[in-house]
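In case you want the letters, here they are:
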Amino acid sequence: SQTIHQWPATLVQPVGSPLSLECTVEGTSNPNLYWYRQAAGRGLQLLFYSVGIGQISSEVPQNLSASRPQDRQFILSSKKLLLSDSGFYLCAWSALAGSETQYFGPGTRLLVL
Amino acid sequence: AQKVTQAQTEISVVEKEDVTLDCVYETRDTTYYLFWYKQPPSGELVFLIRRNSFDEQNEISGRYSWNFQKSTSSFNFTITASQVVDSAVYFCALIMNRDDKIIFGKGTRLHILP
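Calculation criteria
- Residues numbered from 1 in each chain as written.
- Chains lettered and ligands numbered in written order.
- Predicted model: local features only at pLDDT ≥ 70, side-chain atom pairs only at ≥ 80, totals over all residues.
- Heavy atoms only, no water.
- Helix = DSSP H or I, 4+ residues; strand = E, 2+ residues; numbered from the N terminus.
- Buried < 20%, exposed > 50% of the residue type's maximum accessible area, 1.4 Å probe, protein only.
- Contact = heavy atoms within 4.5 Å.
- Buried area = accessible area lost by both parts, 1.4 Å probe.
- Salt bridge = Lys/Arg side-chain N within 4 Å of Asp/Glu carboxyl O.
- Nonpolar A, V, L, I, M, F, W, Y, C, P; charged D, E, K, R; others polar.
- Pairing = 2+ DSSP bridges.
- Axes fitted to C-alpha atoms, helices over the stretch in contact; angles between N-to-C directions.

**Student:** When you look at unusual backbone geometry in this model, what are you seeing that I'm missing?
**Tutor:** For residues besides glycine, phi is generally negative; the peptide bonds are generally trans as well. That bond from Trp7 of chain A to Pro8 of chain A is cis: its omega, 0°, falls within 30 degrees of zero. The phi torsion at Lys16 of chain B lies on the positive side, around 85°, for a residue other than glycine. Tracing the chain through its elements places Lys16 of chain B in the loop between strand E2 (10-14) and strand E3 (19-21). Phi angles above zero are rare outside glycine, and Arg98 of chain B is one such case at about 65°. Here Arg98 of chain B lies in the loop between strand E10 (88-96) and strand E11 (103-104). Judged by its relative accessible area of 67%, Arg98 of chain B is exposed.

The structure is reproduced here in structure tokens:
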């Protein structure tokens, strides 16, 4: 069966510091991968998605970036965090076929101080 | 343009009551898929159901049931005999045929009071 991991689970970082969040999927090959952000008490915002290694689509211009160095690894990064980057970050995967169900990881809670 | 509307921002009911969460969607496509996800306090989104646009048969899974009506572009979710563990934020979502991106509603926060 497929599983999706995210780490760290929680993170407190000062403004201006770098960020690296990691997401890995097990039990499937060639998945679509997604990064979402959820601000406190709000809905889901799609940040990036990837249909293959090195292929990244950005949905919202911001100071975040994403990379997919391996088939089942998706990384969310920032060189300098802003206060507004605080939130709950969710990674998801789906089969590479279009219109597929997305399955979510446990999430990372990021607090920027 | 495609859109999902969950008009109920927050609902509170007493345990054992039935509750219905509304979802209205907009799309011009004839082939699409609808979803419901549950987000408990832990934060992880849990997949509940996926329906395609050609299958309007209602579905029941234990205390959960879903009513899909294309005539009103609605995909409502009912919890029967609610329990405290049902307290969560519930998201309705839509994806077009062959698309990679799901369109989420803003969610309904459900409180089940003991």
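Moving on from the coordinates now.
**Student:** Hey, could you run me through the interface of chain A and chain B in this one?
**Tutor:** A common measure of how large an interface is: the accessible area buried when the components associate. Listed by partner, the interface residues are 23 residues for chain A and 23 residues for chain B. Carbon and sulfur atoms supply 52% of the area that chain A and chain B bury against each other, a total of about 1,700 Å² over both sides. Between the two partners, chain A and chain B, sit 1 salt bridge. Residue Glu59 of chain A pairs with Lys101 of chain B through a salt bridge whose shortest N-O separation is 3.3 Å. Counting only elements with at least two residues in the side of chain A that touches chain B, the list comes to strand E4 (32-38), strand E5 (44-52), strand E9 (87-94) and strand E10 (103-104) of chain A. For the side of chain A that touches chain B, the residue count by class is 11 nonpolar, 9 polar and 3 charged.

**Student:** Help me understand the sheet that holds strand E3 (residues 19-26) of chain A, please; the structure alone is not making it clear to me.
**Tutor:** Whether parallel or antiparallel, the strands of a sheet pair through hydrogen bonds between backbone atoms. Residue and element names in this part refer to chain A. In spatial order, the strands read E1-E3-E8-E7; together these 4 strands make up an open sheet with antiparallel pairing. In this open sheet, the two edge strands, each paired with only one partner strand, are strand E1 (3-7) and strand E7 (64-70). Taking the axes of each pair of neighbouring strands and ignoring which way they run, one obtains an average angle of 20° across the sheet. Of the strand pairs in this sheet, E7 and strand E8 (residues 73-78) are connected by 5 bridges, and their pairing is antiparallel. Bridge pairing in E8 links Leu64 to Ser78.

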